[in-house]
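Given next are the chains, with one letter for each unit.
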Amino acid sequence: MVGVLVSTNYKYTDIQLASGAKVTATGVTIKDGKVIRVDNGNVTIGESDNDNVFGEPNDVFNFSVYSDGDKLIYSTNNVPADINGQNIAEEFIAFVEADLKA
């Protein structure tokens, strides 16, 4: 074989994190055992009947993660003020990397 494996992609659905957040990500890219990209990370925390101006529950937000060399860049959207979206994204990445070693 001439080709070289550069990265692997996974999908995670309704992963319950220790913090109580539930995460679904349509694309998680792994290179050398590390997460280097997360596409369409959607987070739900708790249950809420209240809708925000976009018609979504107040406890729903999304994130993406990109690699910039040796560091990760986090992009979070629609995160409620009382929640640290990057911490949840970091918790999800730790979950994925532990899952790969299992």
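This text follows the structure it describes.
Each value, and the rule that gives it
- Residues numbered from 1 in each chain as written.
- Predicted model: local features only at pLDDT ≥ 70, side-chain atom pairs only at ≥ 80, totals over all residues.
- Heavy atoms only, no water.
- Salt bridge = Lys/Arg side-chain N within 4 Å of Asp/Glu carboxyl O.
- Helix = DSSP H or I, 4+ residues; strand = E, 2+ residues; numbered from the N terminus.
- Buried < 20%, exposed > 50% of the residue type's maximum accessible area, 1.4 Å probe, protein only.

## Some points on the pattern of salt bridges
Here comes step 1: Counted under the stated rule, the structure contains two salt bridges.
Here comes step 2: Of the charged contacts in the structure, one is a salt bridge between Lys-34 and Glu-97, with a shortest N-O distance of 3.9 Å. Here Lys-34, found in strand S3 (residues 34–45), pairs with Glu-97, found in helix H1 (residues 85–101); they are 63 residues apart in sequence, far enough to count as distant.
Here comes step 3: According to the relative accessible area criterion, Lys-34 is partly exposed, its value standing at 47%.
Here comes step 4: You can call Glu-97 buried: its relative accessible area is 15%.
Here comes step 5: Between Arg-37 and Asp-39 there is a salt bridge, with the nearest N and O atoms lying 2.9 Å from each other.
Here comes step 6: Note on Arg-37: relative accessible area 35%, which makes it partly exposed.

## What about unusual backbone geometry?
Here comes step 1: Within the chain, Asp-14 stands out as a residue other than glycine whose phi angle is a positive 50°.
Here comes step 2: Here Asp-14 is to be found in strand S1 (residues 8–16).
Here comes step 3: One non-glycine residue, Asp-32, adopts positive backbone phi at about 55°.
Here comes step 4: By the secondary structure assignment, Asp-32 is in the loop between strand S2 (21–31) and S3.

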